[in-house]
2 protein chains.
Amino acid sequence: MADHSFSDGVPSDSVEAAKNASNTEKLTDQVMQNPRVLAALQERLDNVPHTPSSYIETLPKAVKRRINALKQLQVRCAHIEAKFYEEVHDLERKYAALYQPLFDKRREFITGDVEPTDAESEWHSENEEEEKLAGDMKNKVVVTEKEAATAEEPNPKGIPEFWFTIFRNVDMLSELVQEYDEPILKHLQDIKVKFSDPGQPMSFVLEFHFEPNDYFSNSVLTKTYKMKSEPDKADPFSFEGPEIVDCDGCTIDWKKGKNVTVKTIKKKQKHKGRGTVRTITKQVPNESFFNFFNPLKASGDGESLDEDSEFTLASDFEIGHFFRERIVPRAVLYFTGEAIEDDDNPDM
Amino acid sequence: MADHSFSDGVPSDSVEAAKNASNTEKLTDQVMQNPRVLAALQERLDNVPHTPSSYIETLPKAVKRRINALKQLQVRCAHIEAKFYEEVHDLERKYAALYQPLFDKRREFITGDVEPTDAESEWHSENEEEEKLAGDMKNKVVVTEKEAATAEEPNPKGIPEFWFTIFRNVDMLSELVQEYDEPILKHLQDIKVKFSDPGQPMSFVLEFHFEPNDYFSNSVLTKTYKMKSEPDKADPFSFEGPEIVDCDGCTIDWKKGKNVTVKTIKKKQKHKGRGTVRTITKQVPNESFFNFFNPLKASGDGESLDEDSEFTLASDFEIGHFFRERIVPRAVLYFTGEAIEDDDNPDM
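What you see is a predicted model; the values in this text were computed from it and never measured.

Trainee: Is there a simple way to think about the relation of the copies chain A and chain B in this case?
Mentor: The relation between the two copies of this chain is a rotation about an axis and a shift parallel to it. Once chain A has been moved 0.0 Å along the axis and rotated by 180 degrees, it coincides with chain B to within an RMSD of 0.2 Å. Here the transformation between the copies is reduced to the relation of a two-fold axis. Rotation axis and chain A: the residue whose C-alpha lies nearest the axis is Val88 of chain A, separated from it by 3.3 Å. Take the interface residues of chain A: 99% of them recur as interface residues in chain B, which is what a same-surface contact looks like.

Trainee: Can you help me understand the pattern of salt bridges in this one?
Mentor: Side-chain pairing between opposite charges can occur once the charged atoms of the two side chains come close. For the structure shown, the criterion picks out 40 salt bridges over all chains. Here Lys186 of chain A ties to Glu161 of chain A by a salt bridge, and the two come within 3.7 Å at their closest N and O atoms. Note that Lys186 of chain A is positioned in the loop between helix H9 (182–185) and strand E1 (188–195) and Glu161 of chain A in the loop between helix H6 (136–151) and helix H7 (162–169), a separation of 25 residues in sequence. For the salt bridge of Asp104 of chain B with Arg107 of chain B, the shortest nitrogen-to-oxygen distance reads 3.4 Å. One end of the pair is Asp104 of chain B and the other is Arg107 of chain B, both in helix H4 (residues 61–111) and three residues apart, which spans about a single turn. Given the relative accessible area of 23%, Arg107 of chain B is considered partly exposed. Within this structure, Arg65 and Arg66 of chain A together with Glu115 and Asp118 of chain B form a network of salt bridges that share partners.

Trainee: I tried to follow the nonpolar core on my own but got confused; where do I start?
Mentor: As a rule of thumb, soluble globular proteins bury nonpolar side chains together. In this structure, Phe208 and Phe290 of chain A together with Phe208 and Phe290 of chain B are the most contacted members of the largest nonpolar core, which totals 137 residues. The biggest single contributor to this core is helix H4 (residues 61–111) of chain A, with 18 residues.

Trainee: In this structure, what is going on with the packing of aromatic side chains? I would like to understand it.
Mentor: Each aromatic ring pair is characterised by the separation of its centres together with the angle its planes make. Enumeration over the complete set of coordinates arrives at 56 aromatic pairs over all chains. With a centroid separation of 5.2 Å and 90 degrees between ring planes, the pair formed by Phe208 of chain A and Phe293 of chain A is classed as edge-to-face. Taken together, the residues Phe208 of chain A in strand E2 (residues 203–210) and Phe293 of chain A in the loop between strand E6 (277–285) and helix H10 (307–327) connect sequence positions 85 residues apart. Of the two residues, Phe208 of chain A and Phe293 of chain A, both sit in the buried class. Measuring from ring centre to ring centre gives 6.1 Å for Tyr85 of chain B and Phe239 of chain B, while their planes differ by 75 degrees; the resulting arrangement is edge-to-face. With Tyr85 of chain B in helix H4 and Phe239 of chain B in the loop between strand E3 (220–228) and strand E4 (243–248), this residue pair connects regions lying 154 residues apart in the sequence. The ring of Phe204 of chain A is capped by Arg324 of chain A, whose NZ or CZ atom sits 5.1 Å from the centre of that ring.

Definitions and cut-offs
Residues numbered from 1 in each chain as written. Chains lettered and ligands numbered in written order. Predicted model: local features only at pLDDT ≥ 70, side-chain atom pairs only at ≥ 80, totals over all residues. Heavy atoms only, no water. Least-squares fit on C-alpha atoms with pLDDT ≥ 70 in both. Contact = heavy atoms within 4.5 Å. Salt bridge = Lys/Arg side-chain N within 4 Å of Asp/Glu carboxyl O. Helix = DSSP H or I, 4+ residues; strand = E, 2+ residues; numbered from the N terminus. Buried < 20%, exposed > 50% of the residue type's maximum accessible area, 1.4 Å probe, protein only. Core = buried A, V, L, I, M, F, W, Y, C linked by side-chain atoms within 4.5 Å. Phe/Tyr/Trp six-rings, centres within 6.5 Å; stacked < 30°, edge-to-face > 60°. Lys NZ or Arg CZ within 6 Å of the ring centre and 35° of its normal.

So this is what it looks like as structure tokens:
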């Protein structure tokens, strides 16, 4: 019965209230006359945890009223905070433009379009101080190394398989990559993050730039992440800044027979009446990193997603965020593994 | 010997190189002729982890050179990122001014200087929809509650022990609070965060505002945190934004006999020659939350801190950050416990 959920100390009318009060008195009398029940009761009461919310319940109504007023102020703070994060997003846009020339140079070194000068490729390793102690010896080694480099070693163009190596190094990505995805990912030449224009709804696009290849004719595959920086009406206090709320992929123009996101299965079909058997072929979805460009839709038909889909989508958002926040800004460190060590042992 | 650290595969001159090559050949021959050694060796080789850095080692010199160039670009990115965080800090400053009127109102409701209006103290609880179903019944209950409030309940000023309750609710703080600190903390009326002025070195001050009390004559106790937003020269890739690098406390003008940060101990002292015993009293440091205002110094004399001091300082920085980022902006949620539940079960 609906009434029952409110029966705890909340009588529904004054007659019932009087009845309850009388019952309460009777029960209290009974308990007070039974020392064993009383002791057991005391023990139970002692074990009730004194949580902050149980403390709030004990406060006078006038104080609770003032706490409500503080909560209203807190909601207003959440809305100001949302504006703050929008301005931070504007700053991120501004800085994206400042990083871009460095990222362009990075792409040129990776593809081999441009060779870094000696000054551009100087690097002082962490062990350098130690190495300096070795003095003359080291100089001789350097000469040997240089000779080796010119005499015997191959000199491939740029940094081969740069982005593919990052996919291999980052667990979150390598889990998605199938064996048949690998030769395709070796053609990946750059990943860019593009922010939405000022005044537009908050979003960003991941652009995956590919060199011409035998698998698809697109030169760029895109994944767009839509964000929201607004406290939830039902739960304004959970607001912690912008979050990804939806995403969109792109159509991949697969060359004939090269689409790794589907597989062809053969199925035997028996005619019910005649009993004859025929074999039909059917295309079914196939596991592949490239399903990343054909994500589930979070919104749209208003229906809520099942638990599995919720999980898949949350993982997708996490990957999108990780590309934007970590991999694209620090690609070389994910290539060498330096950023990966940091993630395992956060040193904060 | 210093040379030894470079002996692995790096012969120091060509004579030694030739000698090593001959030794290597001999050893290889021996191994190849012993199947058991060979099997054991194979197993060991299989267990060598293929880390990203071991992969980098296998790359041709020309490619390593290009990777160095990417690292140089990455350092330049870190310096741009530092500027970005400085601008974010400016934004935080700007928004601090926007929050302040709400925080001032909060303080007035807490101290009881101002009573919230009915509109200001309206609050729709999460269970409201459910409660609405109860319709008429609920109205009657509300009347009963109001009667109770006016007829029987005490009506203390403002929200008593608001900040002290937060200290009790937040583990990181309650661990520092001693029994004798509690009556002092009940006089705490507000905590404010003040950012450094634009153009000044990045820092913030926590101001603890106290009502007049029997313990000290200060009305405000301060703790200043100095920050740095600059990649470390020795390890630029570890840069993740501004961090607290040092802090400063303030002098507490304790009233006579009220200083809880020291305790007086009595000590018996025996005269070596005469064998007479006298009792001396000595003031020694005492555990107290108020030691928060007399922190260790991170910098200054150039000497590095021992491990214990490093840990103490790191905890202090963490508490300062927590006050600024969480407690001051969301005080009511730490008072009611709502923010604490969120921290235990991060729902992201």
